[in-house]
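# Geometric and topological summary
The residues making up each chain are set out below.
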Amino acid sequence: MRVVSGIQPTGKPHLGNYLGAIRNYVKLQDDALAANGECFIFIADLHAISMPHDPVELHNSTLELVATLVACGLDTSKTVLFNQAQVPAHAELQWLLSGTARMGWLSRMTQFKDKSGKNREGASIALFTYPVLQAADVLLYQATHVPVGEDQKQHLELARDIAQKFNNDFASEDDPVFTLPEPYIPPEAARIMSLRDGTSKMSKSDPSDMSRINLSDDADTIMKKVKKAKTDPEPLPPEAAGLEDRPEAKNLVAIYGAFSGKSVDEVLAEYGGAGFGTFKPALGELMVETLSPITARFNELRADRELLDAILARGAARARDMSGPTLSRAYAALGLVRG
Ligand code: TYM
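Residues numbered from 1 in each chain as written. Predicted model: local features only at pLDDT ≥ 70, side-chain atom pairs only at ≥ 80, totals over all residues.

In the annotation of an unreviewed UniProt entry, the protein chain is listed under the name Tryptophan--tRNA ligase and assigned to Croceibacterium salegens. UniProt, in the comment section headed Function (unreviewed entry), describes the protein chain in these words: "Catalyzes the attachment of tryptophan to tRNA(Trp)." Taken directly from UniProt, the Subunit (unreviewed entry) text for the protein chain runs: "Homodimer." (UniProt positions renumbered as here; feature names shortened; annotations may be inferred.)

Written out as structure tokens, the structure is:
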């Protein structure tokens, strides 16, 4: 079992990142250990330069993201935690895979369409080839399980297509160069929605801070954001079917379920008939209970820059070792002479 996943250091990490991905990094690091496997989690700093960015901010948020991940429970004695820029094999393999990835495949990526918007001519080349780097990220370590939210599913399907074509074109069937990775998407929190609009994803790039709970928010801010979350005037229904046309209510109930470990029907068995005046404070308290210790730990760790640098240096050394053999095989399979 090989667990591999990445997270971009742009903006502040939020509840969607936590429930959709980070929580599963923590769970899978133990599963991998129990199965004699390995877990690799990285800060996708190379991906972050695909959009306009401030270099000083990028540097700081990379280190702060290390603090966040450790505060959330990633244990560097179980997980290889690093940033892409310290492991040149990621960028190298991206180039090698660029000969295999097809323009048509990349043109269909919805994230490219969304992020480039109407200004496609002005989008960076990196934004277009971004999914090839993402494929390199996971294929480099022969990933079997990739914990992500649903928004990354299409990129992982592309990674499988690239791996399959590369294996077909350059390797024998019984000795493939790359393992085909499987996305690991949590059914209960695949897509956490904005607190201001239940039809759009909770996102770092939403201009309204009220649309998301940041993992660095204090208890008062969390309670305020939950209480101000958009809802409709109806009380909660007795069962899941009653949430169908109520995206905001559905999102809040899903978040409650994800935090409490209960199914949507179980949450509604408890709160069906209750109004949001009752449900929202209960939800806010549940969030604070889990997130407060994380925030406290984050605040301690973020100040210890030496520790954060050391974590990254150690992780990168291990990642460089572990990625070497696959990178060499990919060069050799392509017929490239390296001496
Ligand atoms: P990023 O940085 O946007 O998000 C990190 C992780 O959080 C998940 N996520 C969500 N899950 C549920 N609901 C939401 N509202 C929500 N918002 C974000 C994302 O699905 C992701 O798992 N391209 C990736 C980073 C990346 C990567 C990789 C991931 C680079 N290389 C290799 C996996 C494997 C990204 O931008 O994620």
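Here the narrative resumes.
A few words on the packing of helix 3 (residues 55-71) against helix 12 (residues 276-302). Interhelical geometry of helix 3 versus helix 12 gives an angle of 140° and a closest axis separation of 8 Å. As summarised for this structure, helix 3 and helix 12 are arranged oblique, according to the angle between their axes. When you trace helix 3 past helix 12, the crossing you get is right-handed. The residues of helix 12 that touch helix 3, namely those facing Glu64, Ala67, Thr68, Val70 and Ala71, are Ile294, Arg297, Phe298, Leu301 and Arg302. (Axes fitted to C-alpha atoms, helices over the stretch in contact; angles between N-to-C directions. Helix = DSSP H or I, 4+ residues; strand = E, 2+ residues; numbered from the N terminus. Parallel < 35°, antiparallel > 145°, perpendicular 65-115°, else oblique. Left-handed = near helix turned anticlockwise from the far one by under 90°. Contact = placed C-beta atoms within 7 Å.)

Now for the packing of helix 10 (residues 247-260) against helix 11 (residues 264-271). Packing of helix 10 against helix 11 leaves a shortest axis separation of 9 Å and a crossing angle of 105°. By the angle between their directions, the pair helix 10 and helix 11 is classed as roughly perpendicular. Across from Val253, Ala254, Tyr256 and Gly257 in helix 10, the residues of helix 11 making contact are Val264, Val267 and Leu268. Residues that form the contact of helix 10 with helix 11 fall into these classes: six nonpolar, one polar and no charged. (Nonpolar A, V, L, I, M, F, W, Y, C, P; charged D, E, K, R; others polar.)

Another aspect to go through is helix 8 (residues 153-170). Its 18 residues place the ends of helix 8 26 Å apart at the C-alpha level, agreeing with the 26 Å of an ideal helix rising 1.5 Å per residue. Burial in helix 8 covers these residues: His155, Leu156, Leu158, Ala159, Ile162, Ala163 and Phe166. One side of helix 8 holds all its buried residues, which, seen down the axis, span an arc of 155°. Contacts from the buried residues of helix 8 go to helix 4 (89-98), helix 5 (103-107), helix 7 (125-139), strand 4 (145-147) and strand 5 (182-184). (Expected span 1.5 Å × (residues − 1). Buried ≥ 20, exposed ≤ 12 C-beta atoms within 10 Å, placed from the backbone. Arc of directions from axis to C-beta.)

For the rest of this paragraph, the subject is the site of the ligand. The ligand sits among 23 residues. The nearest are Gly6, Gln8, Gly16, Gly20 and Gly149. Secondary structure elements with two or more residues in the shell around the ligand: strand 1 (2-7), helix 1 (15-34) and helix 7. Of all the elements, helix 1 adds the most residues to the shell around the ligand, at four residues. Here the shell around the ligand is built from residues that sort into nine nonpolar, 10 polar and four charged. (Near = placed C-beta within 6 Å.)

With domains assigned, the protein chain is organised as domain 1 (2-185 + 305-333) and domain 2 (209-300). A straight line from the C-alpha centre of domain 1 to that of domain 2 covers 30 Å. Contacts between the two partners involve 10 residues from domain 1 and, on the opposite side, nine residues from domain 2. Contributions of two or more residues to the side of domain 1 that touches domain 2 are made by helix 1 and helix 3. (Domains from an automatic or database assignment.)

Of all six residues making up strand 2 (residues 38-43), six are buried, and the element is well covered by its neighbours. Going residue by residue along strand 2, you find Glu38, Phe40 and Phe42 tucked away on one face and Cys39, Ile41 and Ile43 tucked away on the opposite face as well. As judged from the six bridges shared by strand 1 and strand 2, these two strands associate in the parallel manner. Note that in strand 2 the partner of Arg2 across the bridge is Glu38. Once the chain exits strand 1 it traverses helix 1 before rejoining the sheet at strand 2, and the crossover so formed is right-handed. Sheet topology places strand 2 next to strand 3 (residues 79-83); five bridges connect them, and they run parallel. The residue bridging Ile43 from the neighbouring strand is Asn83, located in strand 3. (Pairing = 2+ DSSP bridges. Right-handed = clockwise from strand over helix to strand, strands pointing away.)

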